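Residues per chain, in single letters:
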Amino acid sequence: MLERLKSNERVTLIRVSVSDDACPVCFSLQGAYPKDRAPKLPPDGCSCPLGRARVFYEPVLAEIFP
Ligand SMILES: [Zn+2]
């Protein structure tokens, strides 16, 4: 998924979106990153419930203003 976002020219930033029940490690990653700085998910030390990281990549798309 991350590779696909990176190769999409309309994607300017990769946002890391975190659920309310995510662990502190995941919470610390919340934010928007340049494509080449996007953190690996799930992060090392993740302790989210059920061993499933509650974090997601979200593309930030370039807006075209008239
Ligand atoms: Zn986590």
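Cut-off values and rules
Residues numbered from 1 in each chain as written. Predicted model: local features only at pLDDT ≥ 70, side-chain atom pairs only at ≥ 80, totals over all residues. Helix = DSSP H or I, 4+ residues; strand = E, 2+ residues; numbered from the N terminus. Buried ≥ 20, exposed ≤ 12 C-beta atoms within 10 Å, placed from the backbone. Contact = placed C-beta atoms within 7 Å. Pairing = 2+ DSSP bridges. Axes fitted to C-alpha atoms, helices over the stretch in contact; angles between N-to-C directions. Core = buried A, V, L, I, M, F, W, Y, C linked by C-beta atoms within 7 Å. pLDDT = per-residue confidence, 0-100.

Here we look at the overall build of the protein
A tally of regular secondary structure across the protein gives two helices and three strands. Each principal axis of the C-alpha atoms in the protein carries an extent, and together these give about 45 × 20 × 15 Å. A total of 66 residues make up the protein; the buried ones form 11% of that total. Restricting to contacts in the protein with at least 6 residues of sequence separation, those with at least 24 account for 55%.

Looking at the sheet that holds strand E2 (residues 31-34)
Within a sheet, neighbouring strands are paired by backbone hydrogen bonds and run either parallel or antiparallel to one another. Strands sit in the order E2-E1-E3 across an open sheet of three strands; the sheet is antiparallel. Single-partner strands in this sheet number two, and they are E2 and strand E3 (55-61). Strand-to-strand twist in this sheet, taken as the mean axis angle between neighbours without regard to direction, amounts to 30 degrees. Pairing analysis gives four bridges linking strand E1 (residues 11-18) to E2, with the strands arranged antiparallel. Each bridged residue has a counterpart across the sheet, and for Arg15 the counterpart in E2 is Ala32.

Structural notes on the nonpolar core
In this structure, Val16, Ala22, Cys26, Leu29 and Val55 together form the largest nonpolar core, which totals five residues. If sequence neighbours within four positions are ignored, Leu29 has contacts with Val16, Pro39, Pro43 and Val55.

What about the environment of Ser17?
With respect to the helices and strands, Ser17 occurs in strand E1. With ten residues separating them along the chain, Ser17 and Phe27 place their C-alpha atoms 8.7 Å apart. Beyond its immediate sequence surroundings of up to four residues, Ser17 is in contact with Val55, Phe56 and Glu58.

Description of the environment of Arg4
Counting through the fold element by element, Arg4 comes out in helix H1 (residues 2-7). Overall, Arg4 belongs to the exposed group, with 10 C-beta atoms counted inside 10 Å. Residues Arg4 and Ser17, 13 residues apart in the sequence, show an inter-C-alpha distance of 17 Å.

Let's talk about the confidence of the model for the protein
The pLDDT averaged across the protein works out to 89; a share of 92% of its residues lies at or above 70. Ranking the helices and strands of the protein by mean pLDDT puts E2 first, with 96, and H1 last, with 92.

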